[in-house]
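Observations on the three-dimensional arrangement
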Amino acid sequence: MSVPECAAVRMGSPTGRAVVAAATLGSGMAMLDGTVVNVALRTIGKDLHASLAQLQWITNAYLLLLASLILMGGSFGDRFGRRRVFVVGVVWFAVASLICGVAPSPEVLIAARALQGIGGALLTPGSLAMIQGAFAPEDRAPAIGAWSGLGSIAAAVGPFVGGALVDYASWRWIFLLNLPIAALTVLVAVRSVPETRDPNASSHFDVAGAVLAALALGGTTYALIEWGGLGGWIAAILGVVAGVAFVLVEAHEPEPMLRLELFHDLTFSASNVMTLLVYGALGALTFFVVIQLQTVSGWSALSAGAAFVPMTIIMLFLAARGGRLGQRIGPRIPMTVGPLVMALGTLGMLRIGPDVSYVRDVLPAVVVFGLGLAMMVAPLTATVLAAAPDENAGIASGVNNAVARAGSLLAVAALPIAVGLRGADYADPAVFDQSFQRAMIACAGLLAAGGLVSWFTVRRPEPTAVAEMPA
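Residues numbered from 1 in each chain as written. Predicted model: local features only at pLDDT ≥ 70, side-chain atom pairs only at ≥ 80, totals over all residues. Heavy atoms only, no water.

Describing the overall build of the protein
How we decide: Secondary structure elements follow DSSP: runs of H or I no shorter than four residues count as helices, runs of E no shorter than two count as strands, and numbering proceeds from the N terminus. Here the globule rule reads 2.2 Å times residues to the power 0.38, and the radius of gyration is calculated from C-alpha atoms. For the exposure calls, accessible area comes from a 1.4 Å probe over protein chains only, and a residue counts as buried if that area is under 20% of its type's maximum, exposed if over 50%, partly exposed in between. Contacts between residues were defined by any pair of non-hydrogen atoms, one from each residue, lying within 4.5 Å.
Helix and strand content of the protein: 16 helices and zero strands. Its C-alpha atoms give the protein a radius of gyration of 20 Å, within 12% of the compact-globule value 23 Å for 471 residues. Considering only C-alpha atoms, the protein reaches an extent of 60 × 45 × 45 Å along its principal axes. By residue count, 60% of the 471 residues in the protein fall in the buried class. Restricting to contacts in the protein with at least 6 residues of sequence separation, those with at least 24 account for 86%.

This is the structure:
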């Protein structure tokens, strides 16, 4: 459990505001980076002469290390202190961002993005576990709702900020911008956030599990991106073998990185399946839409990014209310209806084409998608931790975040190939437009499937499970 003296922070107190601010700044920096990179991909490709596969790796190198190591990051937080590991992660992320900002080639940028993933694996579970460990039980859902809303603003504002930087400065500034944000985050965390940890956490770390997880995800990702060649088949076999070995190792490891018994709880398992589907769709959608608006519709990077501003406003005003709604009526309905509404918004994006009108074609889809997202995010994040013991806050946070990132990782790797994109097709309007239509239908299908999973499997957590958490 968290340290007792830090377990009664209230939502409206100065300390409570500091915890939410630090968690939001840190996780928001990581989310902001993810969305601004999508906006800049087309420009990065032209500037560094990158292929479609290299653009996919610029996105996926980050997601790969993040998803592979985030469980260990949660364990580090429980053992050494969630605030301490969070601060280390923020600093690491900032240094990697500096390397990204000065990268002279696609290969260097991909390597630096992988380093960013390591920093993200330390700071992301820490940001949410700090809220879980510090706040009084009755204030956790509102705190998570505030974190969800404010953090999602960073993700939504990202395309706008990234577009402005790409159009009026340089794509390199989308990475260099992280440096002052990181400095402010560290200042707030060190000065005002109480330390929490699991006093019963072991000093043992499951290195074999971490390596096998990275090999499983890395092999699968490489196979999807490079599908068709001998290397792709070898990577696929490696990914499958490593995945099976990971499960066997975790089942027999006395102190595993991933506690398989957490999945004995139906709500925990179902929420993570739903997370995989929904965040897979979300990752692929953001990858495709910003390129579609620039390549096919002829919009500037700034205009493409500004298209998502209404979603920012929706998340700002409704995400916390979504958390309270889930707390009042249970998570099943918000976690079912939210993804279905997002699927409708995704189908609305099929209207984005060569002669697109923002008011007629883009705005309605963005608004509908934002409403579904605001309804779903906080109940999902709260439900995952409510189904896990308090002492496993860091691990449960890590599991759900790993699943979310793995969903995005696999979708961004698989969908471009599945819809027929190759080589430099991302710069060909006619080819990309046809692929975009198929990709949006696939994303809508993933979202609808996530909603159905929630309807048939998610139930209100038992009253004793008062901990609430993030996705």
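From this point on, the discussion continues.
A few points about the side chain of Ser435
Definition in use: Any pair of N or O atoms that falls within 3.5 Å is considered a polar contact. Within protein, one atom must be able to donate a hydrogen and the other to accept it, and sequence-neighbouring residues count only if both atoms are side-chain atoms.
By the element assignment, Ser435 lies in helix α16 (residues 429–457). For Ser435, a relative accessible area of 1% translates into the label buried. Within the local environment of Ser435, its side chain forms a polar contact with the backbone oxygen of Val419, the two atoms lying 3.0 Å apart. Excluding residues within four positions of it along the chain, Ser435 makes contact with Val419, Gly420 and Leu421.

Considerations on the packing of helix α8 (residues 207–225) against helix α9 (residues 230–252)
When two helices pack together, their arrangement is given by the angle between their axes and by how far apart the axes lie. The condition that has to hold: Angles here are taken between N-to-C directions and fall from 0 to 180 degrees, while the axes themselves are lines fitted to C-alpha atoms, restricted in helices to the stretch in contact. Note that the term roughly parallel is reserved for angles under 35 degrees, roughly antiparallel for angles over 145, roughly perpendicular for angles of 65 to 115, and oblique for everything else. What makes a crossing left-handed is the near helix being turned counterclockwise from the far one by less than a right angle; a clockwise turn instead makes it right-handed.
Where α8 contacts α9, the axes come no closer than 7 Å and their chain directions differ by 150 degrees. Put simply, α8 runs roughly antiparallel to α9. The way α8 lies across α9 gives a crossing that is left-handed. Contact residues: α8 offers Ala208, Gly209, Leu212, Ala213, Leu215, Ala216, Gly219, Thr220, Tyr222 and Ala223, while α9 offers Gly231, Gly232, Ala235, Ala236, Gly239, Ala242, Gly243, Ala245, Phe246, Val249 and Glu250.

What to know about the pattern of salt bridges
Definition in use: Every case where a carboxyl oxygen of Asp or Glu lies within 4 Å of a side-chain nitrogen of Lys or Arg is listed as a salt bridge.
Within this structure, the stated rule accounts for two salt bridges. Where Asp361 meets Arg351, a salt bridge forms, and the shortest distance between an N and an O atom there is 2.8 Å. Placement of Asp361 in helix α14 (residues 358–386) and of Arg351 in the loop between α13 (332–348) and α14 is noted, with a sequence separation of 10 residues between them. One salt bridge connects Asp361 with Arg360, and the closest N-O pair in it is separated by 2.9 Å.

Details of unusual backbone geometry
Phi at His49 takes a positive value of approximately 55 degrees, unusual for a residue other than glycine. As for its placement among the helices and strands, His49 is situated in the loop between α1 (14–48) and α2 (52–80).

Considerations on the nonpolar core
Note the following rule: We call a set of buried residues a nonpolar core when its members are Ala, Val, Leu, Ile, Met, Phe, Trp, Tyr or Cys and they connect through side-chain atoms within 4.5 Å of each other.
In this structure, Leu109, Phe288, Val289 and Met440 are the most contacted members of the largest nonpolar core, which totals 136 residues. Here Leu109 is in contact with Ile44, Leu48, Ile58, Cys100, Ala103, Trp171 and Phe175, once residues within four sequence places are set aside.

So, helix α12 (residues 309–329)
Each turn of an α-helix holds 3.6 residues, which means side chains three or four residues apart point in the same direction. The condition that has to hold: To estimate the expected span of a helix, count its residues, drop one, and scale the result by 1.5 Å. Take the seven residues that end at a residue and the seven that start at it, fit an axis to each, and the angle between those axes is the bend at that residue.
Under the 1.5 Å per step criterion, the end-to-end length of α12 is 30 Å for 21 residues, consistent within 8% with the ideal 30 Å. Residue Leu318 marks the point of greatest curvature in α12, where the axis turns by about 45 degrees. When α12 is considered as a whole, its buried residues turn out to be Pro310, Met311, Thr312, Ile314, Met315, Ala319, Ala320, Gly322, Gly323 and Gly326. Gly330 sits one or two positions beyond α12 and adopts a positive phi of about 95 degrees.

Let's talk about helix α7 (residues 178–192)
To keep things clear, this is the line we draw: Regarding the arc, it is the one traced by the directions from the helix axis to the C-beta atoms.
Between its terminal C-alpha atoms α7 stretches 21 Å, which fits the 21 Å expected from 15 residues at 1.5 Å a residue. Where α7 is concerned, the buried positions are Asn178, Ala182, Thr185, Val188 and Ala189. The buried residues of α7 occupy an angular sector of 130 degrees when the element is viewed end-on, so they sit on one face. α7 presents Pro180, Val190 and Arg191 as exposed residues on the side facing more than 90 degrees away from its buried surface.

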